[in-house]
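Summary of structural features
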Amino acid sequence: MMGSAPPVFIVSHTYDSESETKTLASMVAREQLVHFLDESVKACTESRPWQPLQVLRALKAVRSATLEVVANIIKWRESLVQPEVFPWNGNKENYLIKLTRDLDFLRYLPIKEYYGFTLAAKNPFVLAISVKTGSAAAAASGPKLGGRGVGRGRPESNGSSARTGRGVPSRSNMKKLAGTIEPRRTPAEEVPLLHALATVDDEERMRIEAAVQYLREEQERSGTASAHEKASPWALDMWLKRPYRCMDREPRPHQQRRDERASSERDVTGLEPSSSAAQAETMATVDGGDGGDG
């Protein structure tokens, strides 16, 4: 007599299509911002015009976008029986691992020369870090912020456009960048954006710290990070020790209204979105505006 067949258990997860769609939309919106910043770096390092005002807006926006992506992936995973990676690039990449370093190219913007802070590697939340000698000392030792928008961010280069990765200029360009930025005074319309980028309230700081911890754990789970990568510091660790403080005064209300009217006339659109849809809409405006790099 044949024994009865063993029971068959089908393990499945509660597929949450809405959560998956929302996660994918937030990733696409973030990628638009990353692409815009990458093009800005490329323009700067190839002696083409770039727009510091729009870059500052995009830096603040990509911080919010990255927080949104991480939160959405965590929520999406809650509907699964066991954690899975949210794939990217034809299922070849774990997006959480990708975003850990996909903004490293921002180090090649002349941020230190213009504003007195740095954007370190492993900085997915675009934390502004004061230079080791202090913002004031850096501004004094480097090109002074005098002369409104001179050169519009066009450092010299040798004409070479060879690149070793996203946003990475050729070595000869890299050597020239730091010493050839023309002096400029921070325009009044950029000062509120600097304050917004430098200001991280307690709630946002806690969200960033929690997200970085989750990304650290993701590196461990993935098993793909080298010992060197695991040991390399996160920008958050440096920022907690040396947060950048914007020392420029914000414009008075009447001056700010005048600057806003002038910006509106130039068709400069903000990049501070409250949702992925808003990010996509504002990026479409920027791509079609006059602030591109050609």
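About the criteria used
Residues numbered from 1 in each chain as written. Predicted model: local features only at pLDDT ≥ 70, side-chain atom pairs only at ≥ 80, totals over all residues. Heavy atoms only, no water. Axes fitted to C-alpha atoms, helices over the stretch in contact; angles between N-to-C directions. Helix = DSSP H or I, 4+ residues; strand = E, 2+ residues; numbered from the N terminus. Parallel < 35°, antiparallel > 145°, perpendicular 65-115°, else oblique. Left-handed = near helix turned anticlockwise from the far one by under 90°. Nonpolar A, V, L, I, M, F, W, Y, C, P; charged D, E, K, R; others polar. Salt bridge = Lys/Arg side-chain N within 4 Å of Asp/Glu carboxyl O. Buried < 20%, exposed > 50% of the residue type's maximum accessible area, 1.4 Å probe, protein only. Phe/Tyr/Trp six-rings, centres within 6.5 Å; stacked < 30°, edge-to-face > 60°.

1. Points about the packing of helix 1 (residues 17–45) against helix 2 (residues 52–77)
Packing of helix 1 against helix 2 leaves a shortest axis separation of 9 Å and a crossing angle of 155°. In terms of their interaxial angle, helix 1 and helix 2 are classed as roughly antiparallel. Seen from above, helix 1 lies across helix 2 with left-handed handedness. Per-class residue counts for the contact of helix 1 with helix 2 are 14 nonpolar, seven polar and five charged.

2. A few points about the pattern of salt bridges
In the structure shown here, the tally under the stated rule is 17 salt bridges. Note that arginine 63 and glutamate 204 form a salt bridge whose closest N and O atoms lie 3.8 Å from each other. Highlighted residues: arginine 63 in helix 2 and glutamate 204 in helix 8 (residues 202–222), separated in sequence by 141 residues. Of the two residues, arginine 63 and glutamate 204, neither departs from the other in class, the shared state being buried. In this structure, arginine 221 engages glutamate 218 in a salt bridge whose closest nitrogen and oxygen atoms are separated by 2.7 Å. Of this pair, arginine 221 and glutamate 218 both sit in helix 8, three residues apart, which is roughly one turn of the helix. When its relative accessible area of 46% is taken as the criterion, arginine 221 is described as partly exposed. Of the residues examined, glutamate 218 reaches a relative accessible area of 3% and is grouped as buried. Salt bridges linked by common partners bring Arg30, Glu31, Lys98 and Asp102 together as one network.

3. Thoughts on the packing of aromatic side chains
Counting across every chain of the model gives six aromatic pairs. A centroid spacing of 5.7 Å and a plane angle of 25° characterise the contact between tryptophan 50 and tyrosine 114, whose relative ring orientation is stacked. Residue tryptophan 50 is located in the loop between helix 1 and helix 2, and its partner tyrosine 114 is located in helix 4 (residues 111–115); the two are separated by 64 residues in the primary sequence. When sorted by exposure, tryptophan 50 lands in the same class as tyrosine 114, which is buried. Geometrically, the ring pair formed by tyrosine 114 and tyrosine 115 is edge-to-face, given 5.9 Å between the ring centres and 85° between the ring planes. An identical accessibility class is assigned to tyrosine 114 and tyrosine 115; each is buried. Chaining the aromatic ring pairs together yields one cluster made of Trp50, Tyr114, Tyr115, Phe117 and Tyr244.

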